[in-house]
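Structural characterization, general
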Amino acid sequence: MDVLRDQNWLLSLGTFLPLAGVLIIMFLPKRDEALTKQVAVITAGATLAVGIYTLMQFNYDETSKLQFFTSHDWIKPIRATYSIGLDGISLPMYILSMLITFLCVVYSMDHVPNPGNPKAFFSLILILQVGMAGTFIAQDLILFFVFFEIVLLPMYFLIGVWGGENRQYASLKFFLYTMFGSALMLVAFIALFIVTKGNSAEGGSFAFAWFMEHGPQVGKTAALWIFAGMFVGFAVKVPMFPFHTWLPDAHTQAPTVGSVILAAILLKLGTYGFIRIAIPFLPQAAIKWAPAIGVLAAIGIIYGALGCLAQRDTKRLIAFSSVAHMGFVMLGISSLTPLGVNAAIFGMVAHGLITGMLFFVAGSIKERYHTLEISRLSGILKQMPHLGWIAGFCAMASLGLPGLAGFWGEFPAILSAWSPAQVLRDNGHWSLFKVITVVAALGTVFAAAYLLWLFQRICMGEPNPEFLDAAHRSNHAPAHSLSAAANDDHHDEVRIYDVNGYEWASWAPLLILIVVLGVYPQLLFKIFDAPVTQLFGIFGK
Amino acid sequence: MLGFPLIRYAEEPAAAAHAAGWFLDHAWLIALIPAIGFAIILFFGKKLPFKGAEVGIASMVASLVLSAGAVYQWIDLGHDAHPVIKTWTWWQSGGMQFTLGQHIDGLALMALILVSFISTLVQIYSVEYVRDDRRFTHFFASLTLFSAGMLTMVLAENMVQLILGWEIMGLCSFMLIGHWWEEKANSNAALKAFWTVRVGDMGLLVGTAVLFGMFHTFSIDKINNTVAEGGGFSKSMLMTAAIALFIACIGKSGQFPLHTWLPDAMAGPTPVSSLLHSSTMVVAGVFLVARIYPVFHTGLDINVAGQQFNLIAVIGGITVLIAAVLAFVQNDIKKVLAYSTVSQLGYMMMGLGVGAWTAAVFHIFTHAFFKCCLFLCAGSVSHTGSHHSFDMKADMGGLRKKMPVTFITWMLSTAALCGVPFFSGFFSKDEIIDSAHANHYTVFWVVGLIGAFLTTAYMTRATYLTFFGQARGAAAHFVHGDDHADADHHGAADSHATDDAHGAHDVKHSRPLPFAPHDSGWLITVPLIILAALAVVSGYLNAPAFHIEKFHHWVTPHLINEMVPEAPVFKWVNALPSIALVALGFIVSLAISKAVFGSEPSPLKGLTKRNSLLGAGHRFVANKYYLDDLYEKVIVRSIAHPIAQGAYWINQRVIDATVNSVGIGGRKSAGWVYRNVDQRMVDGVVNGSGIAASEAGESLRASQSGKVNQYGALLFGAAAVGALVLVIVNS
Amino acid sequence: MWVNNFLILGAVLFAIGVYGVIARKNAVLVLMSIELILNSVNINLLAFSQMHNNVDGNTFALYIIAVAAAEVGVGLAMVMLIYRNRKTIALDDLSEMKG
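Residues numbered from 1 in each chain as written. Chains lettered and ligands numbered in written order. Predicted model: local features only at pLDDT ≥ 70, side-chain atom pairs only at ≥ 80, totals over all residues. Heavy atoms only, no water.

This brings us to the overall build of chain C. For chain C, the count of helices and strands is three helices and zero strands. Starting at the N terminus and walking to the C terminus, you meet the elements of chain C as α-α-α. The C-alpha atoms of chain C give a radius of gyration of 16 Å, which is well past the 13 Å a tight globule of 99 residues would have. Judged by the C-alpha coordinates and their principal axes, chain C covers about 50 × 25 × 25 Å. Sequence-distant contacts in chain C: of pairs separated by 6 or more residues, those separated by 24 or more amount to 53%. (Helix = DSSP H or I, 4+ residues; strand = E, 2+ residues; numbered from the N terminus. Rg over C-alpha atoms; globule rule 2.2 N^0.38 Å. Contact = heavy atoms within 4.5 Å.)

Next up, the structure:
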């Protein structure tokens, strides 16, 4: 991949700036919560500003080149380099991570969950941001792995300390499961390094550029096994069936912003890994694996939808819907066509916006009613009309209504599934992909079913008599004491109030983006179409 | 000539630019203005003086004016009219650019002006009808968005844009059917509508994917031309695409077996029923078939010699019959009209299935007017006649004198619907029947004729129940003329309305109602009059009987003309069977209705509650006066009524129950899969590995007793064993 | 043949020492038994060095004596501390390292 070397400090700045904020927060007294929040907001905002500056400086005519590229030797003995760069494929997720972090910080200014301690809470979110941004700009496998793992620890603590009733189990499961996958992934990385190092004079390297050149020449059996290792690592993250069981627990038990970040960005680390690393480095293995990935994606779409229909908890339902949506993303990837991968990347952004919003809404419902049990919720449209309509809007976006962003992640994926890459057709997999296409189309029906059924049960109809007398007592969330009364549903009194200022501030950008990207998708497609076409054109149309 | 159309148009921009006028070039505004109107109503509607209604009506009028201008310019183009296609880049992928734009030809223009016209009238009607509604502004916002969606779909240049419009309509349908979502029945109906259509939409997605895979384009123009040229593509693949796309049409246009949502959709306010679920949205499926007709015509072997049946005609034909039969046993006036709509949509599909493209599209045109009028009449009746009730048996009757305008417009529209000669329906529906015969689709000719008979019959029944006979329930309020001047209007028709009869029906309304039945305000009646007039007159745009073929010239594309057989030459003798059946249907139904629902005592009253065999036996010994009609009634009734009831039973208990049980079964199997497979098996493996690790650790713990002596013992024991091994190995 | 006698003596002392380590409750006695084991090894070494006519075994034995002294110093210090804290040096009661 060609590179553009200018302003090559920009990406490092954008990635590590949150650490500056963490440093400052570390020295603030624990009691001064307001100051902590302000520092956190300013840091997140500054990071986002750097991101927007990056957006403006980005050369949109050269999206297939790596921009803001820089490369230094890092760990000489293992030939790991500090290489970072930004191209059209990385850009959307890089900016999205900064945006989501900023919005989460704004949202949390009002809503730090039990047991409080904003100092630790915001520090962890900022560290998480470093990890997320770094993963998308890394151009070296070891660097990628480091950033990939950095996100695990803050998330573990976010879930384990600020989470729901079953948080210990959920956070541990999340950590161990993902780490297990990453362990296999690391083995695969090292194996790839050794195999490509071979007898080369330079002694090999962990840089992406090296693997792009030498990866395709790896022998067939080795390539298959290495791909398998990477597959497990990324598949656990996506999450693909059957490696998905950590997701519902993690999402349900996590605090609101934890769920939002997890859904919006962390899941995409897996799919990004497929698009950036697994498939371009080992194309022959990718061809062999594509049908299996396609089948698992289709199963995930239906299985996730069925799981949704069986749920009694709102957040858990949204979690299963993530499995279904990521199924569409993987479906697009498995077709090995530019059309499909474009759909996948668009779907990654769209899912981040939409499901992030859904989790925000769920969090706000929890904040007011202290429950997310579907059977106990009803008539939200009546008690909080704005929140209800936003929930309906998000439901429509999530089921893929054209005119909203979700459609462009699903529809081109279905198109690409029917017409997979020429090499796949030549290998006799076309009928399989046709069946997968129909199954995926069935998935859209299921999506409408579970989302609208949820909407009908919790938003339509009359409010639950249990909550009828709690309406409109105050405009803000009640102040939280530091005592860890955990997440007892009946601890605080139920206060029903419609969407407040902080929530509007943190949600408006997402809502606007969902509509804008839905109506004019070219805004996104033109960013990553060229690099994707270049990367995936090798598989034939 | 039919090479690459886009290149052709690019080559002759000068010629086309002169010929195509401003309205044609900017026809995309027709869809954009209501969209902007929707946004305005959504954000500012509540603060406006008319709460958003003015914005809605204004945007629809603007669309109407633009459509009229475009139609005028199109007609001006005459015989050399080519589609006016404009595109902008919308998205790109894999290096290919995909567009958003307009494809304006006769068909699109017909639909554009039809939709904007009917939308305008319905919005005006709604100002009165939903006055004081709890969500007045939202209602108008949804109506406007719906129009924007349908207009987008109609002028869509490519399949993706068509899908956009299609789904926006579905969204608005959901919002409008469930407008009063506080009541569970309404939200259930809204969901049922959305889901049933969504099931059909699977076909839309897959079909578009297949077409894209075949032709690498979404452009409707390119697809039509390439298919029409023939060759270079796989026939079976085209058939797959056609079947898949038709499944979507089955869902959207309420064809068998996905018709069950339409009658339930009547839960929405009447303007919604009249706009979406009769004249505009539900014809979207028919429109889609008409729009990419070459795909269906070639893919499903329509008009191929020797093929008596094809998928579209069969489904259409079945729909015509089953819906018409079901219309007989409805007590709710809107449900009668709903089944009637389903039946008429079946006619349109059947027409397309037998190759009668112009007739079917013309039927879309005329049907919109009279069906919309019928629904608005029903709304008018409920608004000021039966006090918001739609139950014909319980709350209507004898309203023709009290609501003259509504009554006359209803009668005119009914005549059009039944296909009475010289009304619009005669020229459109009978054209379909005629074409079926001319194109050698004899079975469907018969189906069409039977449908004509049934249509007249059930409409007569509904008319009788609503406007004739004795006033019942809410319609019977104020018969005694307590202090109301209306009492004077009750002439001979109500002479039977004695105290007893009134009291017998007054069970539900034990208190007097605030007003007596009267005709509605001008906001309601003026649209009725306009639509009724059109129901009479619109047929003359394409009346083969009088050698007028304007509609055909203006709307039917050259491509279609070359594909389908010529329209049959009109002969009165060919039309005779259907006219006869219409007359027969009217007479038979009127007689039965009078007997069963009239105020005179009749042994037929309540016969469904008693054994029909007993009733027949009873009649045999009855008064001679009844012998002739009795004979007719025994045969006709004992065949028609049980069968109709049976058909409805199958519809509700078998088909709809299957739909419901799929939903319930899906939920239950989802629960089972979740509990057993996911939680026990898959998650069990994960948890199991953790447990295995800790159990292993637990069992090894026994060796750590904490006792130094034991440690020593183990130490020396191990050393001894080691020494032994060493000795043995080294000796 | 005379070296056998020393070896048998060493073995007997070793066995007595092992018995003491395994079976005695008193910590000091266990330490004494360990000393016995170490000294039995010493006797073996001396016997062998005498047999081979070189001083390798003697050197090793001196080494062992030094280490044994150090080790018993530390051991007795620990026993002292345990006694101060727990008022007992019966090994049966001192099994906190269980599990």
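Turning to the nonpolar core, a few remarks are in order. In terms of nonpolar packing, the biggest core is built from 422 residues, with F144(A), M230(A), F234(A), F274(A), L282(A), W507(A) and W91(B) touching the most fellow members. Contacts of M230(A), omitting those with residues within four sequence positions, involve M185(A), A188(A), F189(A), L192(A), I277(A), A278(A) and L282(A). (Core = buried A, V, L, I, M, F, W, Y, C linked by side-chain atoms within 4.5 Å. Buried < 20%, exposed > 50% of the residue type's maximum accessible area, 1.4 Å probe, protein only.)

A few words now on the interface of chain A and chain B. On the chain B side, the residues contacting the 60 residues of chain A number 52 residues. Interface area for chain A against chain B, summed over the two sides, is near 4800 Å², with a carbon-plus-sulfur share of 72%. It is F411(A), W418(A) and Q456(A) that lose the most area in chain A upon contact with chain B, and together they represent 12% of the buried surface on that side. One can count zero salt bridges joining chain A with chain B. (Buried area = accessible area lost by both parts, 1.4 Å probe. Salt bridge = Lys/Arg side-chain N within 4 Å of Asp/Glu carboxyl O.)

On to a nonpolar patch on the surface, then. Residue and element names in this part refer to chain A. A contiguous nonpolar surface patch, about 470 Å² in accessible area, is contributed by I512, V515, V516, V519, Y520 and L523. Per-element accounting of the nonpolar patch gives the leading share, four residues, to helix α20 (residues 501–519). Relative accessible area serves as the criterion here: at 34%, L523 is assigned to the partly exposed category. (Patch = residues over 30% accessible without salt bridge, like charges linked within 9 Å, V, L, I, M, F, W, Y side chains within 5 Å. Areas by Shrake-Rupley, 256 points an atom, 1.4 Å probe, with all protein chains shown as cover.)

What follows deals with the interface of chain B and chain C. Contacts between the two partners involve eleven residues from chain B, matched on the other side by 15 residues from chain C. Overall, the association of chain B and chain C removes approximately 980 Å² of surface from exposure, summing both partners, and the carbon and sulfur fraction of that is 62%. Sorting the residues of chain B by area buried against chain C places K707(B), N709(B) and F716(B) first, and these three jointly supply 51% of that buried surface. Linking chain B with chain C are three residue pairs in polar contact (both at pLDDT 80 or more), by the criterion used here. Grouping the amino acids of the side of chain B that touches chain C by side-chain chemistry returns four nonpolar, five polar and two charged. (Polar contact = N/O pair within 3.5 Å; in protein donor to acceptor, adjacent residues only side chain to side chain. Nonpolar A, V, L, I, M, F, W, Y, C, P; charged D, E, K, R; others polar.)

Attention now goes to the packing of helix α16 (residues 311–326) of chain B against helix α17 (residues 333–353) of chain B. Residues and elements named next belong to chain B. It is at 7 Å that the axes of α16 and α17 come closest, and there the two elements cross at 160°. Considering the angle they form, α16 stands roughly antiparallel to α17. Of the two possible hands of crossing, α16 and α17 adopt the one that is left-handed. In this structure, α16 contributes I312, A313, G316, G317, T319, V320, A323, A324 and L326 to the contact, and α17 contributes Y339, V342, S343, G346, Y347, M349, M350 and G353. In terms of residue class, the contact of α16 with α17 is made up of eleven nonpolar, six polar and no charged. (Axes fitted to C-alpha atoms, helices over the stretch in contact; angles between N-to-C directions. Parallel < 35°, antiparallel > 145°, perpendicular 65-115°, else oblique. Left-handed = near helix turned anticlockwise from the far one by under 90°.)

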